[in-house]
Amino acid sequence: MVSYQPSNNSDASAEPAGADPHRPSDHVDSAAPAERAGEASGAVTQPKLGVIGWLRFAWRQLTSMRTAILLLLLLAIAAVPGSLVPQRSSDPNGVSQYFASNPDTAPIMDKFQLFDVYSSAWFSAVYLLLFISLIGCIVPRTKHHLAAMRARPPKTPARLERLPAYTERMLSDGASIDDELDRAAAYLRRQGYRVDRLGPDAATGSAGSVAAERGYLRETGNLVFHVALVGILAAVAVGGGFGFTGQRVVVTGQSFVNTLAAYDSFNPGRFFSPDTLTPYAVTLRDFDVTYETKNQSALGQPIDFTAHVDVTDQTKVAQPGQIKVNQPLRTHDTDLYLLGNGYAPTITVRDPAGKVVFTDSVPFLPQTANLTSVGVVKVPDGLAKQLGMVGFFYPTQTVLASGAFTSDYPDLVYPVLTLNVYEGDLGINAGAPKSVYALDTTGMTQLTGGKTGVKSLELKPGETAQLPGGRGSVTFENESPSGTNANDLSHSVKRFASLEIHRDPSQGWVLAFAILIMVGLALSLFVPRRRIWVKALAVSQLADAPVLQFAGLARGDDPRLDAAVGAVATKLVGEVHDLPERTLET
Amino acid sequence: MNLDQISIVAVYSALAVYALAFLAFAADLLKATRADAVEASGANAAPRRSLARIAVALTVVAWLLHLSADVLRGVAAGRVPWANMYEFAVTGTLMVVTVFLVVLKFAKLDLRFLGSFVLGLVLLLLGAAAVNFYREIAPLPPALQDIWLVIHVFVASTSVGFYTIGCGLSVVQLLQARREARAAAPAAVKIPVAVGAGADGAAGSAEASGGVSTKRLALTAIPNSQVLENLAFRVTVVGFILWTFTLMAGAIWAEKAWGRYWGWDTKEVWTFIIWVIYAGYLHARSTRGWAGTRSAWLAIIGFAAVMFNFTIVNMFFKGLHTYSGL
């Protein structure tokens, strides 16, 4: 907890003796802590602490400001490794690669949870301790603040001229001290001060005074800020558990139904129940892409991706909608995001007799900015042996000096598909789940490409190639709408959209707490908390006339204290006439 | 010449004028040293700081060139000029100088002694940007086409501006605290330099014990460490609030663009680390034993993290924030 008090604040001297120096200066403990906490370490006879005493001691240590600072710094340091080592949460492929290239060290690092830093035991320990320390600080401070808000402003000190901001003004002849003080009280009240009008006090020579304090919002803001931090943590920990995140690749013309089975991958929260999935379907009607065509230095850079979808549920007719990057579709308590896109060439495989044994639009995963893409086709039935194909798709094919193909533009200008064909056991009969994006070629014989001596199948949209040895044929279907010019291949290959579907019931709470954090922070740093006293002296040392003394004391950083005190004085009595202004520098 | 080319000319012109301003600020500091020495030996005339006035005037001229370079780049690109590393650097340094000039104008203290620090940093970053980071104008990728680009990045740059000034003040505060500790130490007795000197106090303790050296006198023209600490705090606090907003705006935008508001992306991690360090600074400042020298060190460490986040993380770290264009 922070009271944002500069170390030299003169208010510190006003602290009750024995107060914990790490508490804000306005913090009041229920008992002198030094006795309870056994901090009288230098004493010859130390009282025995006992279990309760040690617990108390540990608690006081944990909730001390010094511990909080150390925990904050520790948290900062603990967060660093997660930016140096790939994390499973944000970069699972990076983790696999790391394991592959560092087979010796990676498992050891894994033992220390270095690939899951932000859910690791040690990272959690730091922030949980920090939050316990925080709560241990919020509770007593809230109590104290509630009491302070009901209390009267502190009594006028005996010697105002010793306070950091001070000025005095002589009253004009005939002015009534009581009237002046009443005016001062009314003025300060209008300025938002809590005001206490005090009578004469012979002991201090006071002929009456006004005590005023303002800026309780500073501490309120501080408490709101810290409570909201705890709120965010709670919302993330609890609320996030009821949500889920799922990914699904949808090819144009196809639909996706919001059920567990339909997801390609699915990450449920801790308390997620599949019953909470709202039944609805999303059809990818069309997918528009725009690439830069004019700016030579940015040729082919993506300008826009838009997925046009229809949302259907049991009650309504199809609702058209669109999903873009930065423009998720929020429907049926879920949010749909466009995370990626690519091509899904439609491939048909026929047996030697010409009967179709496979036809589908297969999503090919983009590998480069110009969308050279890789995909896998698996034909389990209908041929003599199971058939697997690893394909490369080039939306705008070009030949490198090495003879290798690549794509030099992401849109469909000269699309080419090449396929390496394998025959044998696809390894899917055992029922073990296999990735649709990878082909395990152990136990398979390569028929085309590579070292076989047979050229890979190379197809343009609409073309058909024969499989070697009369095994059948493969066709790369041209999906252009009817009536398209034969030379226009811009719509000859279907596209897919990679969607993320996401529900997080805690998101609104997190946002609300975040706003409270901002508001609380601004209040706690910018609202000046200050006390102002106005005291009347019937006879001053400097002149033979009644004098009004004005003094101010800041609680926390307050660059405008002098100005505030001066303003009160000027407002009430006017500019200085014959008395020297003795406002001190802070 | 198209607008972008004019913008480049303006950037280089700004660099040249900043360099002159930097020299003038440095010369002013040197001169202040001598003036102080004279003053200390009895002469009473307040030093006329014509060099500092020239330096400020040059800074304003360079800032105008810098501003026009940034605006022209934006007009040429047809969007806000902060969407790749070159533009981040141009806009970021512009905000640093802007905050410096604003603080110069409105602070009650004379802060021209910070000029060499601020302009040195600006020269370094803007120079590196112009020479190494320059990229042709490219359209915004879909992920950046959002109003939050305007808000998030601009607020972050402004925050860095405040952090820079806060860091500069903290550095000078440390130097002052060291000088004060030595001045306070009895001249004849060789005692280790008091708390204020911190870790590197040993370096010059022998020298200090022999009295106040002339070299240190440059700092007598500068406010004492307590005043500097208070001012550094006020400036850094503004940076911290803006940084908090940057972090939150980033989270809101990340939810829109990437489907989650927080995912420990490398840039998110470093934004968080910086936030936590500065939170530590705020706490340190109100804790006895930590206020003063130690909290100043935290402000400096925090700023080092800001610079790391802006340079190393942007250029070499893998993650979703890969917009440097390098």
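Let us look at the structure shown here. Fair warning: this is a prediction, and the values are worked out from it, not measured in the lab.

1. A word on the environment of A:P268
Residues and elements named next belong to chain A.
Phase 1: Mapped onto the fold, P268 is located in strand 6 (residues 265–268).
Phase 2: For the pair P268 and G443, spaced 175 residues apart in the sequence, the C-alpha separation amounts to 36 Å.
Phase 3: Contacts of P268, omitting those with residues within four sequence positions, involve G243 and F244.

2. Re the interface of chain B and chain A
Phase 1: With 56 residues of chain B at the interface, the matching set in chain A holds 66 residues.
Phase 2: Our count for the contact surface shared by chain B and chain A stands at two salt bridges.
Phase 3: Across the salt bridge formed by B:E255 and A:R330, the nearest N and O atoms sit 2.9 Å from each other.
Phase 4: Run the count over chain B and chain A and you get twelve residue pairs in polar contact (both at pLDDT 80 or more).
Phase 5: Breaking the side of chain B that touches chain A down by element, the ones donating at least two residues are helix 7 (225–258) and helix 8 (266–285) of chain B.

3. Concerning the packing of helix 3 (residues 65–79) of chain A against helix 8 of chain B
Phase 1: At their nearest, the axes of helix 3 of chain A and helix 8 of chain B sit 9 Å apart, and the two run at 165° to each other. In terms of orientation, helix 3 of chain A lies roughly antiparallel with respect to helix 8 of chain B. Along this stretch, helix 3 of chain A crosses helix 8 of chain B, giving a crossing that reads as left-handed. For the pair formed by helix 3 of chain A and helix 8 of chain B, the contact residues are A:M65, A:I69, A:L72, A:L75, A:A76 and A:A79 on the first element and B:V269, B:F272, B:I273, B:V276, B:I277, B:A279, B:G280, B:H283 and B:A284 on the second.
Phase 2: Class assignment of the residues belonging to the contact of helix 3 of chain A with helix 8 of chain B gives a composition of 13 nonpolar, two polar and no charged.

4. Looking at the nonpolar core
Phase 1: Grouped together as the largest cluster of nonpolar side chains are 190 residues, with contacts concentrated most on A:F123, A:V349, A:V474, B:Y18, B:L169 and B:W275.
Phase 2: Ranked by residue count, the leading element in this core is helix 7 of chain B, at 17 residues.
Phase 3: Excluding residues within four positions of it along the chain, A:V349 makes contact with A:K355, A:V356, A:V357, A:F358, A:V379, A:L383, A:L387, A:M389, A:S473 and A:V474.
Phase 4: Listed in part, the 24 residues of the second largest apolar core include A:Y193, A:V195, A:A207 and A:V534.

5. Describing the pairing of strand 3 (residues 206–214) of chain A
On a regular strand, one side chain projects to one face of the sheet and the next to the other, so that they alternate.
Residues and elements named next belong to chain A.
Phase 1: Burial within strand 3 is extensive, with eight of its nine residues counted as buried.
Phase 2: When strand 2 (residues 194–198) meets strand 3, the two strands line up antiparallel, connected through five bridges. When the bridges of strand 3 are listed, R197 appears paired with V210.
Phase 3: Summarising the sheet, strand 3 and strand 25 (residues 530–537) pair through seven bridges and their orientation is antiparallel. Paired with R214 across the bridge in strand 25 is R530.

6. Points about unusual backbone geometry
All names here are of chain A.
Phase 1: One non-glycine residue with positive phi stands out, namely Q113, at about 60°.
Phase 2: The residue Q113 is located in the loop between helix 6 (105–111) and helix 7 (121–150) in this model.
Phase 3: The phi torsion at H332 lies on the positive side, around 50°, for a residue other than glycine.
Phase 4: Here H332 lies in the loop between strand 10 (329–331) and strand 11 (334–344).

7. Examining a nonpolar patch on the surface
Residue and element names in this part refer to chain B.
Phase 1: Together, M1, L3, I6, V9, V60, L64, L67, V71 and V75 give the surface a local cluster of nonpolar side chains, amounting to about 760 Å² of exposed area.
Phase 2: Elements that contribute at least two residues to the nonpolar patch include exactly helix 1 (3–40) and helix 2 (50–77).
Phase 3: Considering every element that reaches the nonpolar patch, the biggest residue donor is helix 2, with five residues.
Phase 4: Given the relative accessible area of 46%, L64 is considered partly exposed.

8. Some points on the packing of aromatic side chains
Phase 1: Across all of its chains, the model carries 36 aromatic pairs over all chains by this definition.
Phase 2: Where B:F308 meets B:F317, the ring centres are 5.9 Å apart and the plane angle is 85°; that geometry is what we call edge-to-face.
Phase 3: In textbook terms, an aromatic cluster arises when at least three aromatic residues are bridged by ring pairs, as seen for A:Y118, A:F123, A:Y127, B:W262, B:W264 and B:F272.

9. Examining empty space enclosed by the protein
Where empty space is left in the structure can be found by rolling a water-sized probe over the atoms.
Residue and element names in this part refer to chain B.
Phase 1: Inspection of the entire model under this criterion finds six cavities of 30 Å³ or more.
Phase 2: What the largest cavity holds in volume is close to 720 Å³.
Phase 3: Considering the residues around the largest cavity, the lining is formed by 38 residues, among which H152, V153, A156, K267 and H321 are closest to the centre.
Phase 4: Contributing elements (two or more residues each) for the lining of the largest cavity: helix 3 (85–106), helix 4 (115–133), helix 5 (147–184), helix 7, helix 8 and helix 9 (293–316).

10. Focus: the sheet that holds strand 23 (residues 473–476) of chain A
Residues and elements named next belong to chain A.
Phase 1: Spatial strand order, 13-12-23-22: four strands in an open sheet with antiparallel pairing. Whereas interior strands pair on both sides, the edge strands pair on one side only; in this sheet they are strand 13 (356–361) and strand 22 (464–466). The average undirected angle you get between the axes of adjacent strands in this sheet is 15°.
Phase 2: Relative to strand 13, strand 12 (residues 346–350) runs antiparallel, the two being bridged by five bridges. Note that in strand 13 the partner of T346 across the bridge is S361.

11. Structural notes on the pattern of salt bridges
Phase 1: With the rule as written, the count across this model stands at 26 salt bridges over all chains.
Phase 2: Taking the shortest distance from any N to any O, the salt bridge between A:R183 and A:E180 comes out at 3.1 Å. Placement of both A:R183 and A:E180 in helix 8 (residues 177–190) is noted, with a separation of three residues, approximately one turn of the helix.
Phase 3: Accessibility expressed as a relative area gives 11% for A:E180, which makes it buried.
Phase 4: Two residues, B:R112 and B:D110, come together in a salt bridge whose shortest N-O distance is 2.9 Å.
Phase 5: Classification of B:R112 by relative accessible area gives buried; the value is 18%.
Phase 6: By sharing partners, the salt bridges in this structure join A:E213, A:R529, A:R531 and A:R555 into a single network.

Conventions and cut-offs
Residues numbered from 1 in each chain as written. Chains lettered and ligands numbered in written order. Predicted model: local features only at pLDDT ≥ 70, side-chain atom pairs only at ≥ 80, totals over all residues. Heavy atoms only, no water. Helix = DSSP H or I, 4+ residues; strand = E, 2+ residues; numbered from the N terminus. Contact = heavy atoms within 4.5 Å. Salt bridge = Lys/Arg side-chain N within 4 Å of Asp/Glu carboxyl O. Polar contact = N/O pair within 3.5 Å; in protein donor to acceptor, adjacent residues only side chain to side chain. Axes fitted to C-alpha atoms, helices over the stretch in contact; angles between N-to-C directions. Parallel < 35°, antiparallel > 145°, perpendicular 65-115°, else oblique. Left-handed = near helix turned anticlockwise from the far one by under 90°. Nonpolar A, V, L, I, M, F, W, Y, C, P; charged D, E, K, R; others polar. Core = buried A, V, L, I, M, F, W, Y, C linked by side-chain atoms within 4.5 Å. Buried < 20%, exposed > 50% of the residue type's maximum accessible area, 1.4 Å probe, protein only. Pairing = 2+ DSSP bridges. Patch = residues over 30% accessible without salt bridge, like charges linked within 9 Å, V, L, I, M, F, W, Y side chains within 5 Å. Areas by Shrake-Rupley, 256 points an atom, 1.4 Å probe, with all protein chains shown as cover. Phe/Tyr/Trp six-rings, centres within 6.5 Å; stacked < 30°, edge-to-face > 60°. 1 Å grid on protein atoms, 1.4 Å probe; cavity = no way out; pocket = protein on both sides within 12 Å on 5 of 7 lines; lining within 4 Å. Points joined across faces, edges and corners; volume = space filled by probe spheres on them.

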